[in-house]
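Residue strings, one per chain:
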Amino acid sequence: SAVISQKPSRDICQRGTSLTIQCQVDSQVTMMFWYRQQPGQSLTLIATANQGSEATYESGFVIDKFPISRPNLTFSTLTVSNMSPEDSSIYLCSVRGGTGELFFGEGSRLTVL
Amino acid sequence: QKEVEQNSGPLSVPEGAIASLNCTYSDRGSQSFFWYRQYSGKSPELIMFIYSNGDKEDGRFTAQLNKASQYVSLLIRDSQPSDSATYLCAPRGFNKFYFGSGTKLNVKP
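Everything quoted here is computed from the prediction, not taken from an experiment.

Asks: So what exactly am I meant to see when it comes to the sheet that holds strand β10 (residues 103-108) of chain B here?
Replies: In sheet architecture, strand pairing relies on hydrogen bonds along the backbone and comes in two forms, parallel and antiparallel. All names here are of chain B. Spatial ordering of the open sheet is given by β2-β10-β9-β4-β5, a layout of five strands whose pairing is mixed. The open sheet has two free edges, formed respectively by β2 (11-14) and β5 (45-50), since each of these has just one partner strand. With strand direction ignored, the average angle separating the axes of adjacent strands in the sheet is 25°.

Asks: Looking at this structure, how should I read the pairing of strand β11 (residues 108-112) of chain A?
Replies: Side-chain direction in a regular strand flips from residue to residue, so the side chains alternate between the two faces of the sheet. Residues and elements named next belong to chain A. The alternating pattern of β11 places S108, L110 and V112 on a buried face, while none of R109 and T111, on the opposite face, is buried. As paired elements, strand β2 (residues 10-13) and β11 share four bridges and run parallel to each other. If you follow C13 over to β11, its bridge partner there is V112. With three bridges connecting them, strand β9 (residues 89-96) and β11 associate as antiparallel partners. Residue pairing in the sheet places I90 in a bridge with R109 of β11.

Asks: What is the right way to read the environment of A:M31 from this model?
Replies: With respect to the helices and strands, A:M31 occurs in strand β4 (residues 31-37). Contact partners of A:M31, with chain neighbours within four places excluded, come to A:T48, A:A49, A:N50, A:R70, A:V95, A:R96 and B:N95.

Asks: I keep staring at the packing of aromatic side chains and nothing clicks. Help me out?
Replies: Here the distance between the centres and the angle between the planes together describe a pair of aromatic rings. If you walk through the whole model with that rule in mind, you get eleven aromatic pairs over all chains. Ring plane angle 65° and centroid distance 5.8 Å describe the contact between A:Y35 and A:F104, whose orientation is recorded as edge-to-face. Of this pair, A:Y35 sits in strand β4 while A:F104 sits in strand β10 (residues 102-104); the two residues are 69 residues apart in sequence, bridging distant segments of the chain. What makes A:Y35 buried here is its relative accessible area of 2%. Residue A:F104 is classed as buried on the basis of its relative accessible area, which comes to 10%. Relative to B:Y36, the ring of A:F104 has its centre 5.7 Å away and its plane inclined at 80°; by these criteria the two rings are edge-to-face. With A:F104 in strand β10 and B:Y36 in strand β4 (residues 32-38), this residue pair bridges two chains. Both residues of the pair, A:F104 and B:Y36, belong to the buried class.

Asks: Looking at this structure, I do not really get the pattern of salt bridges. What am I missing?
Replies: Should the charged atoms of two oppositely charged side chains come close, the side chains can pair. All names here are of chain B. What the rule picks out here adds up to five salt bridges over all chains. A salt bridge links R37 to E45, with the shortest nitrogen-to-oxygen separation between them at 3.1 Å. Given the relative accessible area of 31%, E45 is considered partly exposed.

Asks: How do you make sense of empty space enclosed by the protein when you look at a structure like this?
Replies: Over the atoms rolls a probe the size of a water molecule, and its path tells where empty space is left. In this structure the tally under the stated criterion is one cavity of 30 Å³ or more. For the largest cavity, the calculated volume is near 30 Å³. Lining the largest cavity are A:F33, A:Y35, A:L45, A:R96, B:N95, B:K96 and B:F97. A class-by-class count of the residues in the lining of the largest cavity yields four nonpolar, one polar and two charged.

The rules behind these values
Residues numbered from 1 in each chain as written. Chains lettered and ligands numbered in written order. Predicted model: local features only at pLDDT ≥ 70, side-chain atom pairs only at ≥ 80, totals over all residues. Heavy atoms only, no water. Pairing = 2+ DSSP bridges. Helix = DSSP H or I, 4+ residues; strand = E, 2+ residues; numbered from the N terminus. Axes fitted to C-alpha atoms, helices over the stretch in contact; angles between N-to-C directions. Buried < 20%, exposed > 50% of the residue type's maximum accessible area, 1.4 Å probe, protein only. Contact = heavy atoms within 4.5 Å. Phe/Tyr/Trp six-rings, centres within 6.5 Å; stacked < 30°, edge-to-face > 60°. Salt bridge = Lys/Arg side-chain N within 4 Å of Asp/Glu carboxyl O. 1 Å grid on protein atoms, 1.4 Å probe; cavity = no way out; pocket = protein on both sides within 12 Å on 5 of 7 lines; lining within 4 Å. Points joined across faces, edges and corners; volume = space filled by probe spheres on them. Nonpolar A, V, L, I, M, F, W, Y, C, P; charged D, E, K, R; others polar.

Pasting the structure below:
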(Lines give C-alpha, C1' and ligand atoms only; values in the text may rest on other atoms or scores of the structure.)
Protein backbone atom coordinates (compact mmCIF):
# COMPACT_ATOMS: atom_id res chain seq x y z
CA SER A 1 0.00 0.00 0.00
CA ALA A 2 1.06 3.57 -0.66
CA VAL A 3 1.96 6.01 2.09
CA ILE A 4 0.20 9.31 1.46
CA SER A 5 0.94 12.44 3.46
CA GLN A 6 -1.30 15.48 3.45
CA LYS A 7 -0.72 18.95 4.80
CA PRO A 8 -2.29 20.69 6.59
CA SER A 9 -4.19 18.12 8.63
CA ARG A 10 -6.66 20.79 9.67
CA ASP A 11 -7.14 24.51 9.33
CA ILE A 12 -9.61 27.22 10.18
CA CYS A 13 -9.97 29.85 7.50
CA GLN A 14 -11.82 33.07 6.95
CA ARG A 15 -14.47 33.48 4.29
CA GLY A 16 -13.07 34.74 0.99
CA THR A 17 -9.56 33.40 1.48
CA SER A 18 -7.87 30.48 -0.28
CA LEU A 19 -6.07 27.45 1.09
CA THR A 20 -3.70 25.06 -0.64
CA ILE A 21 -3.57 21.42 0.45
CA GLN A 22 -0.49 19.39 -0.33
CA CYS A 23 -0.32 15.67 -1.01
CA GLN A 24 2.89 13.64 -1.12
CA VAL A 25 3.04 9.95 -2.09
CA ASP A 26 5.95 7.64 -1.32
CA SER A 27 5.93 6.15 -4.82
CA GLN A 28 5.41 7.35 -8.36
CA VAL A 29 1.81 7.20 -9.50
CA THR A 30 0.15 8.20 -12.74
CA MET A 31 -3.08 9.49 -11.30
CA MET A 32 -3.90 11.17 -8.01
CA PHE A 33 -7.46 11.77 -6.93
CA TRP A 34 -8.94 14.53 -4.80
CA TYR A 35 -12.11 13.80 -2.83
CA ARG A 36 -14.31 15.86 -0.60
CA GLN A 37 -16.28 14.53 2.35
CA GLN A 38 -18.78 16.98 3.77
CA PRO A 39 -20.02 16.43 7.32
CA GLY A 40 -22.05 13.25 7.55
CA GLN A 41 -21.81 12.66 3.82
CA SER A 42 -20.11 10.27 1.48
CA LEU A 43 -16.95 10.85 -0.50
CA THR A 44 -17.32 12.90 -3.67
CA LEU A 45 -14.64 12.96 -6.33
CA ILE A 46 -13.53 16.50 -7.13
CA ALA A 47 -10.96 15.81 -9.82
CA THR A 48 -8.28 13.50 -11.12
CA ALA A 49 -4.77 14.93 -11.33
CA ASN A 50 -2.53 13.60 -14.07
CA GLN A 51 1.12 14.49 -14.29
CA GLY A 52 1.86 16.64 -17.29
CA SER A 53 -1.71 17.47 -18.21
CA GLU A 54 -4.69 19.40 -16.97
CA ALA A 55 -6.71 17.90 -14.17
CA THR A 56 -10.03 16.31 -15.06
CA TYR A 57 -12.89 17.74 -13.01
CA GLU A 58 -16.14 16.02 -12.08
CA SER A 59 -19.52 17.55 -12.68
CA GLY A 60 -20.12 20.38 -10.25
CA PHE A 61 -16.47 21.20 -9.70
CA VAL A 62 -14.55 23.82 -11.68
CA ILE A 63 -10.91 24.74 -12.05
CA ASP A 64 -11.41 28.32 -10.91
CA LYS A 65 -12.72 27.13 -7.55
CA PHE A 66 -10.44 24.10 -7.12
CA PRO A 67 -7.20 24.62 -9.06
CA ILE A 68 -4.92 21.60 -8.97
CA SER A 69 -1.24 21.25 -9.65
CA ARG A 70 0.65 18.05 -10.44
CA PRO A 71 4.30 18.97 -10.94
CA ASN A 72 5.65 15.41 -10.70
CA LEU A 73 4.64 11.79 -10.15
CA THR A 74 4.67 11.94 -6.34
CA PHE A 75 3.13 15.29 -5.50
CA SER A 76 -0.08 17.26 -6.02
CA THR A 77 -1.81 20.29 -4.56
CA LEU A 78 -5.46 21.25 -4.36
CA THR A 79 -6.42 24.86 -3.73
CA VAL A 80 -9.82 25.78 -2.37
CA SER A 81 -10.39 29.32 -3.60
CA ASN A 82 -12.57 32.13 -2.32
CA MET A 83 -13.83 29.94 0.47
CA SER A 84 -17.30 30.03 1.98
CA PRO A 85 -18.70 28.10 4.96
CA GLU A 86 -20.10 25.56 2.46
CA ASP A 87 -16.52 24.55 1.69
CA SER A 88 -16.06 23.26 5.22
CA SER A 89 -15.20 19.61 4.60
CA ILE A 90 -12.55 17.00 4.80
CA TYR A 91 -10.43 16.95 1.65
CA LEU A 92 -8.77 13.67 0.84
CA CYS A 93 -5.97 12.80 -1.54
CA SER A 94 -5.92 9.26 -2.87
CA VAL A 95 -4.03 6.99 -5.22
CA ARG A 96 -4.83 3.66 -6.79
CA GLY A 97 -3.13 0.47 -5.72
CA GLY A 98 -1.98 -2.44 -7.81
CA THR A 99 -5.31 -4.27 -7.68
CA GLY A 100 -7.43 -1.20 -8.35
CA GLU A 101 -8.18 -0.22 -4.78
CA LEU A 102 -7.93 3.34 -3.52
CA PHE A 103 -5.62 4.38 -0.71
CA PHE A 104 -6.27 7.63 1.09
CA GLY A 105 -4.20 10.23 2.83
CA GLU A 106 -5.05 11.27 6.38
CA GLY A 107 -7.26 14.06 5.08
CA SER A 108 -7.31 17.80 5.56
CA ARG A 109 -10.15 19.05 7.73
CA LEU A 110 -11.11 22.54 6.66
CA THR A 111 -13.40 24.85 8.63
CA VAL A 112 -14.46 28.12 7.03
CA LEU A 113 -15.85 30.83 9.28
CA GLN B 1 -31.78 7.47 -7.31
CA LYS B 2 -28.44 7.32 -5.54
CA GLU B 3 -25.73 5.26 -7.16
CA VAL B 4 -25.00 3.45 -3.91
CA GLU B 5 -27.50 2.87 -1.12
CA GLN B 6 -26.54 1.95 2.42
CA ASN B 7 -28.56 2.02 5.59
CA SER B 8 -27.02 4.83 7.64
CA GLY B 9 -27.61 3.00 10.92
CA PRO B 10 -26.49 2.98 13.57
CA LEU B 11 -26.37 -0.79 13.58
CA SER B 12 -25.82 -2.01 17.12
CA VAL B 13 -24.56 -5.51 17.84
CA PRO B 14 -23.19 -7.10 21.01
CA GLU B 15 -19.56 -8.07 21.22
CA GLY B 16 -18.97 -11.48 19.67
CA ALA B 17 -22.00 -11.32 17.38
CA ILE B 18 -22.07 -11.21 13.58
CA ALA B 19 -22.58 -7.77 12.04
CA SER B 20 -24.19 -7.71 8.61
CA LEU B 21 -23.75 -4.61 6.47
CA ASN B 22 -25.60 -4.25 3.20
CA CYS B 23 -25.25 -2.19 0.05
CA THR B 24 -27.12 -1.90 -3.24
CA TYR B 25 -25.80 -0.17 -6.33
CA SER B 26 -27.27 1.06 -9.58
CA ASP B 27 -24.38 0.88 -12.07
CA ARG B 28 -24.63 -2.55 -13.71
CA GLY B 29 -21.24 -1.92 -15.26
CA SER B 30 -19.54 -2.07 -11.86
CA GLN B 31 -16.89 -4.75 -11.94
CA SER B 32 -15.34 -4.64 -8.50
CA PHE B 33 -16.64 -3.81 -5.08
CA PHE B 34 -14.72 -2.41 -2.16
CA TRP B 35 -15.44 -2.07 1.53
CA TYR B 36 -13.79 0.66 3.55
CA ARG B 37 -13.83 1.31 7.28
CA GLN B 38 -13.74 4.87 8.55
CA TYR B 39 -13.20 5.70 12.17
CA SER B 40 -14.51 9.04 13.37
CA GLY B 41 -12.13 11.81 12.36
CA LYS B 42 -10.00 9.48 10.25
CA SER B 43 -9.70 8.71 6.56
CA PRO B 44 -11.17 5.55 5.01
CA GLU B 45 -9.07 2.39 5.12
CA LEU B 46 -9.56 -0.59 2.85
CA ILE B 47 -10.96 -3.75 4.42
CA MET B 48 -11.40 -5.96 1.40
CA PHE B 49 -12.73 -6.17 -2.12
CA ILE B 50 -14.58 -8.68 -4.25
CA TYR B 51 -14.86 -9.17 -8.00
CA SER B 52 -16.84 -12.35 -8.50
CA ASN B 53 -20.29 -13.45 -7.48
CA GLY B 54 -20.35 -15.40 -4.25
CA ASP B 55 -18.40 -15.08 -1.03
CA LYS B 56 -14.86 -13.99 -0.27
CA GLU B 57 -13.43 -14.45 3.19
CA ASP B 58 -10.57 -12.57 4.83
CA GLY B 59 -10.12 -13.30 8.51
CA ARG B 60 -13.23 -12.23 10.38
CA PHE B 61 -14.61 -10.47 7.30
CA THR B 62 -16.68 -11.99 4.51
CA ALA B 63 -17.79 -10.04 1.45
CA GLN B 64 -20.75 -11.32 -0.53
CA LEU B 65 -21.66 -10.25 -4.05
CA ASN B 66 -24.74 -10.82 -6.15
CA LYS B 67 -24.41 -8.92 -9.42
CA ALA B 68 -27.83 -9.97 -10.71
CA SER B 69 -29.45 -8.36 -7.67
CA GLN B 70 -26.89 -5.51 -7.60
CA TYR B 71 -26.26 -6.30 -3.99
CA VAL B 72 -23.08 -6.55 -1.95
CA SER B 73 -22.68 -7.19 1.75
CA LEU B 74 -20.03 -7.39 4.42
CA LEU B 75 -20.23 -9.78 7.35
CA ILE B 76 -18.06 -9.26 10.41
CA ARG B 77 -17.81 -12.31 12.62
CA ASP B 78 -16.94 -12.15 16.31
CA SER B 79 -17.51 -8.39 16.32
CA GLN B 80 -15.25 -6.40 18.62
CA PRO B 81 -15.69 -2.91 20.09
CA SER B 82 -12.75 -1.88 17.91
CA ASP B 83 -14.93 -2.63 14.86
CA SER B 84 -17.14 0.32 15.79
CA ALA B 85 -16.83 2.64 12.82
CA THR B 86 -18.61 3.69 9.64
CA TYR B 87 -18.39 1.19 6.79
CA LEU B 88 -18.40 2.51 3.24
CA CYS B 89 -19.43 0.45 0.24
CA ALA B 90 -17.66 1.45 -2.98
CA PRO B 91 -18.48 -0.18 -6.29
CA ARG B 92 -16.04 0.65 -9.04
CA GLY B 93 -17.36 1.37 -12.48
CA PHE B 94 -15.28 2.21 -15.50
CA ASN B 95 -12.34 3.98 -13.91
CA LYS B 96 -14.52 5.60 -11.25
CA PHE B 97 -15.50 4.73 -7.70
CA TYR B 98 -18.96 5.36 -6.31
CA PHE B 99 -19.08 5.69 -2.53
CA GLY B 100 -22.07 5.03 -0.36
CA SER B 101 -22.73 7.31 2.59
CA GLY B 102 -21.84 4.49 4.95
CA THR B 103 -23.38 2.44 7.75
CA LYS B 104 -22.38 3.27 11.27
CA LEU B 105 -21.66 0.17 13.34
CA ASN B 106 -21.64 0.15 17.13
CA VAL B 107 -20.32 -2.96 18.86
CA LYS B 108 -21.33 -3.00 22.50
CA PRO B 109 -19.01 -4.65 25.04
